[in-house]
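For reference, the chains in residue letters:
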Amino acid sequence: QVQLVESGGGLVQPGGSLRLSCAASGSIFSINTMGWYRQTPGKQRELVATLTTGDTTDYADSVKGRFTISGDNAKNTVYLQMNSLKPEDSAVYYCNAVLKWSKWYPFSNYWGQGTQVAVSS
């Protein structure tokens, strides 16, 4: 079974920083994309940043210049460095992975349980 486990969330003051981590474990044949999404009550889950094989990155306009996504392929881990945090960044952040658990099956979408980020004075 494939599992994604997030960590690093917490309470931080505006202008502060947090570093989120997401480790994929279990039977993994190949990872195409790992990324971060976030969701607040009453809103749709939205893309924050993605990292694709070949080190291609994509960011939501609202976080460009403040957040950086990176990965450690040997550890099947993706990180999200969040700087200059704003109250509107407060959300539950979910790790996402598009991967194969076997060479014989298509890529599938997997989600972590989420980690809470609260930006408040």
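To be clear, the structure that these remarks concern was listed above.
None of these values were measured; they are calculated from a predicted model.

Student: How do you make sense of the sheet that holds strand E7 (residues 67-72) when you look at a structure like this?
Tutor: Backbone hydrogen bonds hold the strands of a sheet together, and the pairing may be parallel or antiparallel. The antiparallel open sheet is built from four strands, whose spatial order is E1-E3-E8-E7. What marks the edges here is a single partner per strand, and that holds for strand E1 (3-7) and E7. This sheet shows a mean twist of 15 degrees between the axes of neighbouring strands, independent of strand direction. Of the pairings in the sheet, the one linking E7 to strand E8 (residues 77-82) comprises six bridges and is antiparallel in character. Among the inter-strand pairings, Asp-72 is bridged to a residue of E8, identified as Thr-77.

Student: Got a minute to help me understand the packing of aromatic side chains in this structure?
Tutor: A complete count under the given rule lists two aromatic pairs for this structure. Judged by centre distance (5.0 Å) and plane angle (70 degrees), the ring pair of Tyr-37 and Trp-111 falls under edge-to-face. In this pair, Tyr-37 sits in strand E4 (residues 30-39) while Trp-111 sits in strand E10 (residues 108-111), placing the two residues 74 residues apart along the sequence. Consider the rings of Trp-101 and Tyr-105, whose centres lie 4.7 Å apart with planes at 20 degrees: the pair is stacked. For Trp-101, a relative accessible area of 39% corresponds to the partly exposed category.

Student: Teacher, can you tell me more about the pattern of salt bridges here?
Tutor: Side-chain pairs of opposite charge can arise where the charged atoms are in close proximity. Tallying each qualifying case throughout the model produces four salt bridges. Two residues, Arg-38 and Glu-46, come together in a salt bridge whose shortest N-O distance is 2.8 Å. Arg-38 gets classed as buried once you look at its relative accessible area, which sits at 6%. The salt bridge partner of Asp-89 is Arg-66, with a shortest N-O separation of 2.7 Å. In this pair, Asp-89 sits in the loop between E8 and strand E9 (91-100) while Arg-66 sits in the loop between strand E6 (56-59) and E7, placing the two residues 23 residues apart along the sequence. Its relative accessible area of 1% is what places Asp-89 among the buried residues. Each of the salt bridges in this network shares a partner with another, and the network as a whole consists of Arg-38, Glu-46, Arg-66 and Asp-89.

Student: Would you take a moment to explain unusual backbone geometry for this structure?
Tutor: The phi torsion of most residues other than glycine is negative, and most of the peptide bonds are trans. Positioned with a positive phi, Asp-55 is a non-glycine residue whose angle comes to about 65 degrees. Mapped onto the secondary structure, Asp-55 falls in the loop between strand E5 (46-52) and E6. You can call Asp-55 exposed: its relative accessible area is 65%.

Student: Help me understand the state of the cysteines in this model?
Tutor: Cysteine pairs can be covalently joined through their sulfur atoms, and such a bond is termed a disulfide. Evaluation of the coordinates by the stated rule reveals one disulfide. One disulfide in the model links Cys-22 with Cys-95; its S-S distance is 1.9 Å. On the sign convention where negative is left-handed, the bridge of Cys-22 and Cys-95, at about -85 degrees about the S-S bond, is left-handed. One end of the pair, Cys-22, is in strand E3 (residues 18-25); the other, Cys-95, is in strand E9, with 73 residues separating them in the sequence.

Thresholds, definitions, all that
- Residues numbered from 1 in each chain as written.
- Predicted model: local features only at pLDDT ≥ 70, side-chain atom pairs only at ≥ 80, totals over all residues.
- Heavy atoms only, no water.
- Pairing = 2+ DSSP bridges.
- Helix = DSSP H or I, 4+ residues; strand = E, 2+ residues; numbered from the N terminus.
- Axes fitted to C-alpha atoms, helices over the stretch in contact; angles between N-to-C directions.
- Phe/Tyr/Trp six-rings, centres within 6.5 Å; stacked < 30°, edge-to-face > 60°.
- Buried < 20%, exposed > 50% of the residue type's maximum accessible area, 1.4 Å probe, protein only.
- Salt bridge = Lys/Arg side-chain N within 4 Å of Asp/Glu carboxyl O.
- Disulfide = S-S within 2.5 Å.

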